[in-house]
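Report on the structure
Chain residues, written in single-letter form:
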Amino acid sequence: MTIFKEKLEEEYLTLAEAKEVLEDIERERALDEDREMRYELTRAVEHVNRFATLDVEESEEFVAELRDLEKVDEATAYKIANLLPEDRDELRSVFAQERYSLSGEELDDILNVVAKYV
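The structure presented is a predicted model; accordingly, all values stated were derived computationally and were not measured.

Cut-offs and rules
Residues numbered from 1 in each chain as written. Predicted model: local features only at pLDDT ≥ 70, side-chain atom pairs only at ≥ 80, totals over all residues. Heavy atoms only, no water. Phe/Tyr/Trp six-rings, centres within 6.5 Å; stacked < 30°, edge-to-face > 60°. Helix = DSSP H or I, 4+ residues; strand = E, 2+ residues; numbered from the N terminus. Buried < 20%, exposed > 50% of the residue type's maximum accessible area, 1.4 Å probe, protein only. Domains from an automatic or database assignment. Contact = heavy atoms within 4.5 Å. Buried area = accessible area lost by both parts, 1.4 Å probe.

1. Digging into the packing of aromatic side chains
Applying the stated rule across the entire model yields three aromatic pairs. When the centroid spacing of 4.6 Å and the interplanar angle of 25° are considered together, the rings of phenylalanine 62 and tyrosine 117 count as stacked. A residue pair is termed long-range when its members are at least 10 positions apart, and phenylalanine 62 in helix 3 (residues 56–67) and tyrosine 117 in helix 6 (residues 104–117) qualify at 55 residues. Both residues of the pair, phenylalanine 62 and tyrosine 117, belong to the buried class. Aromatic side chains phenylalanine 95 and tyrosine 100 sit 6.4 Å apart centroid to centroid with 55° between the ring planes, which places their arrangement in the tilted category. Assessed through its relative accessible area of 5%, phenylalanine 95 is described here as buried.

Shown next as structure tokens:
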């Protein structure tokens, strides 16, 4: 017998947005003295505190600007915004599973957008 969990909805988040959500959860847990933070939650909070460099508004602008580019879909825009690739090789790894490859000019266009937010 196999048990499947149904996916009710899916939403992409930048690290800045995830940090905001996790801070709210952390505050709720702090109010209840008997409720501890689970290990996974603690690690997630540590991760976003370490790697979230932009604020929420900047990250939303960043994703919107990436989405304006022709070959960047929503999921890829969020991946790029979270990873902040610094060169063509790092950026190519984001597109590794796609059925198409980007030209040097297209990669440079994306890297120019990334450079504005780094």
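This is not the end of the story, as more comes after the structure.
2. Here we look at the domain arrangement of the protein chain
Under the domain assignment used here, the protein chain contains domain 1 (15–51) and domain 2 (56–115). In this structure, domain 1 and domain 2 have C-alpha centres spaced 28 Å apart. Counting from both sides, the interface comprises four residues of domain 1 and, opposite them, five residues of domain 2. Taken together, the two surfaces of domain 1 and domain 2 that pack against each other cover about 420 Å², and 52% of this comes from carbon and sulfur.

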